[in-house]
Amino acid sequence: MPAPAQRAYYQTAFEQQTAQLYAKLGLSSSGLPLTVFREGLVGYYNLRPAGKRASAPPVLTLIDFSRPSQQKRLWVIDVEKAKVLFHTLVAHGKASGADVPLAFSDRNGSEMSSLGFYRTAPTTYTGKHGLSLKIKGLDPGFNTNAESRAVVVHGAEYVCEDFVKTHGRLGRSQGCPALPVAETAAIVKTIKGGSVLYLHGPARAGYRSRWLNLDTAVAAFAGIHKVG
């Protein structure tokens, strides 16, 4: 098969799998747009080449910061088993906005959330917020200061339905994707070990990434799944 035809074949297979997985996981009814899920999968395959398949769990964590904080906007998905492992609330940075985050920054001291793709640390640790997980930003100009800013996944008492009922929104962090305390341990233990995390934001945020390159994602997808 000529290279252009082979590339088209693989891309069609990728798009079909994306649509089928989206439907099987019931993501439309839980509020995750297909476009956001597709972006996450493109990044997932770009960051998970076939040769390194066993080095990280086949888990994709999606956070849709174009949605208000009072809605569940975090999904943890096992891509290989086609299963939603968690769907829950997640906080954004206090300087990003009230209920819906509007501003994003990677600057130290900004107290804003940072968009883009991250890889989770190998292990968890116990810090001032209890069990926590460091994340490494992979998008220069958008999130690579995560470590120096101490942006980590942790639990917080202000991430709960009761806070929403009282204030009309979640509490906010200093830039960390903070989780409900009761679910934090299970989530961080599931996503640790180099899995992919994608923080999506509104279009006006101007996010761009090398990890959204469809051609390289399709090539990795074909290598992993041995399409054709």
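Note that the structure is a prediction, hence the values are computed from the model and not measured.

K.L.:
Talk me through the pairing of strand 9 (residues 196–200); I want residue IDs and the actual numbers.
P.N.:
Judged by how many residues are buried, strand 9 sits mostly within the fold: five of five residues are covered. Neither face of strand 9 is open: one carries Val 196, Tyr 198 and His 200, the other Leu 197 and Leu 199, and all of them are buried. The pairing of strand 1 (residues 59–64) with strand 9 spans five bridges and is classified as parallel. When the sheet's bridge partners are listed, Asp 64 is paired in strand 9 with His 200. In this structure, strand 4 (residues 116–120) lies alongside strand 9, joined through four bridges in antiparallel fashion.

K.L.:
Explain helix 2 (residues 34–46) residue by residue, including any values.
P.N.:
Three or four residues apart is the spacing at which side chains of an α-helix point the same way, because the helix has 3.6 residues per turn. With 13 residues, helix 2 should reach 18 Å at 1.5 Å per residue; the first-to-last C-alpha distance of 18 Å fits that figure. Among the residues making up helix 2, those that are buried are Val 36, Phe 37, Gly 40, Leu 41, Val 42, Gly 43, Tyr 44, Tyr 45 and Asn 46.

K.L.:
For the pairing of strand 2 (residues 74–78), give the residues involved together with the corresponding values.
P.N.:
Consecutive side chains along a regular strand alternate between the two faces of the sheet. For strand 2, the tally of buried residues reaches five of five residues, placing the bulk of the element in the interior. Both faces of strand 2 are covered, namely the face carrying Leu 74, Val 76 and Asp 78 and the face carrying Trp 75 and Ile 77. Where strand 1 and strand 2 come together, five bridges link them in antiparallel fashion. Directly across from Thr 61, in strand 2, lies its bridge partner Val 76.

K.L.:
I'd like a description of the layout of surface pockets, backed by residues and values.
P.N.:
Roughly 300 Å³ of volume is contained in the largest pocket. Around the largest pocket, the lining is made up of 17 residues, and of these Lys 128, His 129, Ala 150, Gln 174 and Cys 176 lie nearest the centre. Where the lining of the largest pocket is concerned, the elements lending two or more residues are strand 5 (125–127) and strand 7 (152–156). Each pocket or cavity is described by its volume, and for the second largest pocket that value is around 160 Å³.

K.L.:
Summarise the packing of aromatic side chains; cite the residues concerned and give the values.
P.N.:
Taken as a whole, this structure holds nine aromatic pairs when the rule is applied. Ring centres of Tyr 22 and Phe 37 lie 5.9 Å apart, and the angle between their planes is 40 degrees; this geometry places the pair in the tilted category. Note that Tyr 22 is positioned in helix 1 (residues 3–24) and Phe 37 in helix 2, a separation of 15 residues in sequence. Per residue, the accessibility class of Tyr 22 equals that of Phe 37, and both read buried. Taken together, Phe 14, Tyr 44, Tyr 45 and Phe 221 form an aromatic cluster joined through their ring pairs.

K.L.:
Now, about the nonpolar core: what can you tell me, with residues and values included?
P.N.:
Counting 57 residues, the largest nonpolar core has Phe 14, Leu 27, Phe 37, Leu 41 and Tyr 45 as the members making the most contacts within it. Among the elements that take part in this core, helix 5 (residues 214–225) stands out by supplying seven residues, more than any other. Listed in part, the seven residues of the second largest apolar core include Leu 89, Ala 91, Ala 156 and Ala 178.

K.L.:
I'd like a description of the side chain of Arg 48, backed by residues and values.
P.N.:
By secondary structure assignment, the location of Arg 48 is in the loop between helix 2 and strand 1. Engagement of the side chain of Arg 48 in a polar contact is seen with the backbone oxygen of Pro 57, the distance being 3.5 Å.

K.L.:
Provide a residue-level description of the pattern of salt bridges, including the pertinent values.
P.N.:
With the rule as written, the count across this model stands at two salt bridges. Where Arg 38 meets Glu 15, a salt bridge forms, and the shortest distance between an N and an O atom there is 2.7 Å. With Arg 38 in helix 2 and Glu 15 in helix 1, this pair connects stretches of sequence that are 23 residues apart. Between Glu 80 and Arg 48 there is a salt bridge, with its nearest N and O atoms 3.6 Å apart. Residue Glu 80 is found in the loop between strand 2 and strand 3 (83–88), and its partner Arg 48 is found in the loop between helix 2 and strand 1; the two are separated by 32 residues along the sequence.

What counts, and at which threshold
- Residues numbered from 1 in each chain as written.
- Predicted model: local features only at pLDDT ≥ 70, side-chain atom pairs only at ≥ 80, totals over all residues.
- Heavy atoms only, no water.
- Buried < 20%, exposed > 50% of the residue type's maximum accessible area, 1.4 Å probe, protein only.
- Helix = DSSP H or I, 4+ residues; strand = E, 2+ residues; numbered from the N terminus.
- Pairing = 2+ DSSP bridges.
- Expected span 1.5 Å × (residues − 1).
- 1 Å grid on protein atoms, 1.4 Å probe; cavity = no way out; pocket = protein on both sides within 12 Å on 5 of 7 lines; lining within 4 Å.
- Points joined across faces, edges and corners; volume = space filled by probe spheres on them.
- Phe/Tyr/Trp six-rings, centres within 6.5 Å; stacked < 30°, edge-to-face > 60°.
- Core = buried A, V, L, I, M, F, W, Y, C linked by side-chain atoms within 4.5 Å.
- Polar contact = N/O pair within 3.5 Å; in protein donor to acceptor, adjacent residues only side chain to side chain.
- Salt bridge = Lys/Arg side-chain N within 4 Å of Asp/Glu carboxyl O.

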